[in-house]
Amino acid sequence: MTVDLSLAGRHALVGGASQGIGRACAVALAGLGASVTLLARRADVLQTVRLSLPAPAQGEHRILVADLSQTDELAAAINPLCAESPVHILVHNSGGPPPGSAHEADPDAYRRAFEAHLIGGQTLLQGCLPGMRAAGYGRLINVISTSVKEPIKGLGVSNTIRWAVASWAKTLAAELGADGITANNVLPGFTDTERLHAIISGRARGADGDEAKVAQQMRASVPAGRFAKPEEIANAVAFLASPAASYINGINLPVDGGRTGSL
Ligand SMILES: NC(=O)c1ccc[n+]([C@@H]2O[C@H](COP(=O)([O-])OP(=O)(O)OC[C@H]3O[C@@H](n4cnc5c(N)ncnc54)[C@H](OP(=O)(O)O)[C@@H]3O)[C@@H](O)[C@H]2O)c1
């Protein structure tokens, strides 16, 4: 028996696909045969990513220029996409909320994060669900953070909203499992993307300005001794999207080189 990783004939919608982890997920899913719709706000960058993808087994790769925080417009955009080509795999991924302590955050920062991360995800899922149900095959994969295992200092709003998204997925897993739909969360560790570079710069500003030193301290906290490549996060997402992961439902999967100290 071979491990069935084929996504031929499946359509994946990948958020935050213009760079970083989202772009790597799109490449990985296309590599397994899926047609991919790339969602983010920058049309020109999405077109460049689209043209870089290997041809799908069926259908075509598309872009969907949308802002996950503008959920009314998102709802108007998702339904025509799903009517044209039902979505079977939803990778809910975006930029992270800005850093800062929980107690000092403006209440509106929590509202904005909830809108983009939770309501945005719900809007996409509701557009995709009829197609997933009709196919008897659905995969919701949220890219969130190891902060659902251990809150990360200095990421107050992010820590809070990640828990909401994780709990949303766990609840969906119980509700939708009978329809052949799974809902899981991937928790990246330090991953070499533009967001990580911004975090390193921010931490260096709060210390002595030495970015190389901050990066080295962060690497030293990882048993693997290095940052992840975005492709290493995407490998986990692609596996969860595949037929081989049919009995994995409702989990939080850290992909962090062993950094998280809790089980
Ligand atoms: N990198 C890490 O070390 C790390 C660690 C733990 C968790 N994470 C989490 O993993 C996720 C992806 O991280 P990353 O490092 O790949 O981030 P990134 O480099 O900042 O990329 C974020 C992506 O999301 C898109 N995006 C941002 N805001 C959006 C919006 N409102 N609507 C639609 N698209 C939006 C961006 O594209 P446009 O600008 O074109 O819209 C971009 O493609 C984030 O939630 C991050 O917090 C990352």
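These figures come from a predicted structure and were not determined experimentally. (Residues numbered from 1 in each chain as written. Predicted model: local features only at pLDDT ≥ 70, side-chain atom pairs only at ≥ 80, totals over all residues. Heavy atoms only, no water.)

## Notes on the sheet that holds strand 3 (residues 62-65)
Then, in step 1: The strand order across the open sheet formed by seven strands is 3-2-1-4-5-6-7, and the pairing between neighbours is parallel. In the strand order of this sheet, the two ends are held by strand 3 and strand 7 (252-255), each with one partner. Strand after strand, the sheet turns through a mean of 20° between neighbouring axes, direction not considered.
Then, in step 2: Pairing analysis gives six bridges linking strand 5 (residues 138-143) to strand 6 (residues 181-188), with the strands arranged parallel. Each residue of the ladder has a partner; that of Ile141, found in strand 6, is Asn184.
Then, in step 3: In the packing of helix 1 (residues 20-31) onto the sheet, contacts are made with strand 1 (11-14), strand 2 (35-40), strand 4 (89-92), strand 5 and strand 6, and the angle to strand 1 comes to roughly 170°. (Pairing = 2+ DSSP bridges. Helix = DSSP H or I, 4+ residues; strand = E, 2+ residues; numbered from the N terminus. Axes fitted to C-alpha atoms, helices over the stretch in contact; angles between N-to-C directions. Contact = heavy atoms within 4.5 Å.)

## Examining the site of the ligand
Then, in step 1: Surrounding the ligand, one finds 27 residues, the nearest of these being Ser18, Arg41, Arg42, Arg162 and Thr193.
Then, in step 2: In the model, an oxygen atom of the ligand is placed 2.7 Å from a nitrogen or oxygen of the Arg42 side chain.
Then, in step 3: Contacts to the ligand include Leu68, whose backbone N or O atom sits 2.9 Å from a nitrogen atom.
Then, in step 4: When the ligand is considered free in solution it has 900 Å² of accessible area, and contact with the protein chains removes 91% of it.
Then, in step 5: Put simply, the parts of the chain that give the shell around the ligand at least two residues each are helix 1 and helix 6 (194-205).
Then, in step 6: For the shell around the ligand, the element with the highest residue contribution is helix 6, accounting for three residues.
Then, in step 7: When grouped by side-chain class, the residues that make up the shell around the ligand number ten nonpolar, eleven polar and six charged.
Then, in step 8: Here the shell around the ligand gathers at least three residues from each of two domains, domain 1 (11-189 + 230-255) and domain 2 (190-227). (Near = heavy atom within 4 Å. Polar contact = N/O pair within 3.5 Å; in protein donor to acceptor, adjacent residues only side chain to side chain. Areas by Shrake-Rupley, 256 points an atom, 1.4 Å probe, with all protein chains shown as cover. Nonpolar A, V, L, I, M, F, W, Y, C, P; charged D, E, K, R; others polar. Domains from an automatic or database assignment.)

## Section: the domain arrangement of the chain
Then, in step 1: What the domain assignment reports for the chain is domain 1 (11-189 + 230-255) and domain 2 (190-227).
Then, in step 2: Taken over C-alpha atoms, the centre of domain 1 sits 25 Å from the centre of domain 2.
Then, in step 3: Contact residues are listed per partner, giving twelve residues for domain 1 and nine residues for domain 2.
Then, in step 4: In total, domain 1 and domain 2 occlude about 760 Å² of area from one another, counting both sides; carbon and sulfur atoms represent 44% of this.
Then, in step 5: Viewed at the interface, domain 2 and domain 1 are joined by one salt bridge.
Then, in step 6: The tally of links between domain 1 and domain 2 comes to three residue pairs in polar contact (both at pLDDT 80 or more).
Then, in step 7: Of all the elements in the fold, those that place two or more residues in the side of domain 1 that touches domain 2 are helix 1 and helix 8 (230-241).
Then, in step 8: Considering every element that reaches the side of domain 1 that touches domain 2, the biggest residue donor is helix 8, with three residues.
Then, in step 9: Class assignment for the residues of the side of domain 1 that touches domain 2 results in seven nonpolar, four polar and one charged. (Buried area = accessible area lost by both parts, 1.4 Å probe. Salt bridge = Lys/Arg side-chain N within 4 Å of Asp/Glu carboxyl O.)

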